[in-house]
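# Secondary and tertiary structure notes
Spelled out, the chains give:
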Amino acid sequence: MVRRTVFPCALLLAGALLTACAGAPEAESTPAAPSEAFPVTLTNCGHEVVVDNAPERVITLNQGATEVVLALGLDDRLAGTAYLDDAVSQRWADAYAAVPVLAEEYPTHEAILEAKPDLVYASYASAFDREVAGDRPALADLGAASYLSPFGCAEEDHRPDPTFDAVWHELTDVAALLGAPERASTLIDEQKQTLAAVQESAPGAGLKALWFDSGDKTPLVGGGAGGPQVILDAVGAENIFGSIERGWGEASWEDVVAADPDVIVLADASWSTAAEKRTFLEKDPVLQNLTAVKQGALVTVAYSEATPGVRMVDGADAVADQITELGLAR
């Protein structure tokens, strides 16, 4: 992660943070929830979050948080966003294009304060470092609430197990904070229908799968305690590294060769594309002899669809569709 020099201007900007933008909302903007829906109080990663009125200037840090707000159709509330892992889903690309991008990675503390947020929502605890959004209690003192994806809580005992139910809990929390709980209910119902269809078809049943995240000399793979495992469970496939008690972990090519997976899922991220991994596997003199490589049983999934978040159901659906299209189902 790129670190930037932080200058001591927070005190000068503190007053600006508390000042709301003047002017009436445009006709297409989402109306704020009625005052009787507030205050909303919830506990998040050990912090009490209190929102007295529907936030109108939300900053999202990390793609997962950004796409939750986009999926809820509340993009008009976004005053700024930052830090993508890959491309935003085409469903929300137009809405995202209208949102101010504060930085390619994490913005400076000054840039965040200058955007005058009333809510800062992030996927990872690193977003609340001193150089970035700043300490959560300090933000609250300046009039900005904060929410951290439960999967990114700094304290391990605050993190939920990676499940679709835990993803839906986050959607419910965020929609409540933004005064639009009915939007989460609608989205969750749609995702449950998609997931039920994937689980019923279970095209991966009987298949051994490798989830290849990145790396060449030592592969980083999907383990048994993260998004890859949840998706492979949904499609019915066996994760050859499911015994790794983390979301991702280092493995060895020797173990991959010994397991000889029937299908390999290639994570597609900006820092390690699926195309690069495919080329590596097909050119390596040993790995090119794996059953999955010889038969072209290589499945691609966006990195953002493999991390616990609003697109994880999409990830399960994409893996299921590709397994079926490749004729791998048994």
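Residues numbered from 1 in each chain as written. Predicted model: local features only at pLDDT ≥ 70, side-chain atom pairs only at ≥ 80, totals over all residues. Heavy atoms only, no water.

The test is simple: UniProt positions are given in the numbering used here, feature names are shortened, and annotations may be inferred rather than shown by experiment.
The name given to the chain in an unreviewed UniProt entry is Iron complex transport system substrate-binding protein, and the organism recorded there is Nocardioides massiliensis. Recorded in UniProt for the chain, the comment headed Sequence similarities (unreviewed entry) runs: "Belongs to the bacterial solute-binding protein 8 family."

## Considerations on the overall build of the chain
Stated formally: Strands here are runs of E lasting at least two residues and helices are runs of H or I lasting at least four, both read from the DSSP assignment and numbered beginning at the N terminus. Under the scheme applied here, a residue whose accessible area is under 20% of the maximum for its type counts as buried, over 50% as exposed, and between as partly exposed, the area being computed with a 1.4 Å probe on protein chains only. Contacts: residue pairs with any heavy atoms within 4.5 Å of one another. With residues, only the protein chains shown are counted as cover, and all accessible areas are computed by Shrake-Rupley using a 1.4 Å probe.
Summing up its helical and strand segments, the chain has twelve helices and 13 strands in all. Sorting the 330 residues of the chain into buried and exposed places 51% on the buried side. Long-range pairs, those at least 24 residues apart, make up 65% of the contacts in the chain with a sequence separation of at least 6. Surface exposure of the chain reaches about 15,200 Å², of which carbon and sulfur atoms provide 50%.

## A look at the nonpolar core
Counted only if it meets this: Nonpolar core, defined: a set of buried Ala, Val, Leu, Ile, Met, Phe, Trp, Tyr and Cys residues in which side-chain atoms within 4.5 Å join the residues together.
Ranked by size, the top nonpolar core spans 82 residues in total, and within it Phe164, Ile264 and Leu281 carry the most contacts. At eight residues, helix H6 (residues 164-177) tops the list of elements feeding residues into this core. Apart from the residues lying within four places of it in its own chain, the contact partners of Phe164 are Leu195, Val230, Ala234, Met312, Val313 and Ala316. Residues Cys45, Ala82, Tyr106 and Ile112 belong to the second largest nonpolar core, which totals 18 residues.

## Some details on the packing of helix H7 (residues 181-201) against helix H12 (residues 312-325)
Put simply, the rule is: Structural elements are reduced to axes, namely lines fitted to C-alpha atoms, with helices fitted over the stretch in contact, and the angle between N-to-C directions of any two is expressed from 0 to 180 degrees. For classification purposes, an angle smaller than 35 degrees is called roughly parallel, one larger than 145 roughly antiparallel, one from 65 to 115 roughly perpendicular, and anything else oblique. By definition, any crossing whose near helix is turned counterclockwise from its far helix by less than a right angle is left-handed, and any crossing with a clockwise turn is right-handed. Amino acids are sorted into nonpolar (Ala, Val, Leu, Ile, Met, Phe, Trp, Tyr, Cys and Pro), charged (Asp, Glu, Lys and Arg) and polar (every other residue, Gly among them).
Here H7 crosses H12 at 30°, and the two axes come no closer than 10 Å. Classified by the angle their axes make, H7 and H12 are roughly parallel. For the pair H7 and H12, the crossing hand works out as left-handed. Touching Gln191, Thr194, Leu195 and Val198 of H7 are Val313, Ala316, Asp317 and Ala320, all from H12. Split by residue class, the contact of H7 with H12 holds five nonpolar, two polar and one charged.

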